[in-house]
Amino acid sequence: YPNPFNPSTTISFSLTHSGQVELTVYNIKGQKVKSLIDCYMSPGRNDAIWNGRDDNNRQVASGTYFYKLIVNGDEVSTEKMILIK
């Protein structure tokens with residue numbers, strides 16, 4: 001939230017058990033844009049903020065992006081978000 005967003009959005013998720021968590025942002029072509037989380041996490045509610053920048057800290061263009069949440073190697077969810085400038 002918010003979605004659409006400018007300049008940043010918060011991605012919230014809950015874990016029912018501990019595990020290795022990966023949260024990654026992709027562009028509409030399926031190319032990796034930003035790795036937000038890649039670590040072991042405990043159960044509970046978690047938030048990650050994406051500021052509309054890529055892994056090289058460059059501002060990305062307006063458009064549709066997707067985030068994918070993977071826990072212990074299993075895809076948990078993929079959701080769409082829209083960046084508007």
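K.L.:
Tell me about the packing of aromatic side chains, residues and numbers included.
P.N.:
Under the definition given, this model contains two aromatic pairs. Measuring from centroid to centroid gives 5.3 Å for Trp-50 and Tyr-65, while their planes differ by 65°, and the two rings are edge-to-face. Pair noted here: Trp-50 is in strand 4 (residues 44-50) and Tyr-65 is in strand 5 (residues 63-71), with a separation of 15 residues, a long-range link. Both residues of the pair, Trp-50 and Tyr-65, belong to the buried class.

K.L.:
So, the sheet that holds strand 5: which residues are in play, and what are the values?
P.N.:
Pairing is antiparallel in the open sheet, where four strands are placed in the order 3-2-5-6. Of all the strands in the sheet, the pair left with one neighbour each is strand 3 (32-41) and strand 6 (74-83). The mean inter-strand angle of the sheet, taken between neighbouring strand axes irrespective of direction, is 15°. Pairing analysis gives nine bridges linking strand 5 to strand 6, with the strands arranged antiparallel. Along strand 6, the bridge assignment pairs Gly-63 with Leu-83.

Conventions we followed
Residues numbered from 1 in each chain as written. Predicted model: local features only at pLDDT ≥ 70, side-chain atom pairs only at ≥ 80, totals over all residues. Heavy atoms only, no water. Phe/Tyr/Trp six-rings, centres within 6.5 Å; stacked < 30°, edge-to-face > 60°. Helix = DSSP H or I, 4+ residues; strand = E, 2+ residues; numbered from the N terminus. Buried < 20%, exposed > 50% of the residue type's maximum accessible area, 1.4 Å probe, protein only. Pairing = 2+ DSSP bridges. Axes fitted to C-alpha atoms, helices over the stretch in contact; angles between N-to-C directions.

Remember that the coordinates give geometry; whether it matters functionally is a separate question.
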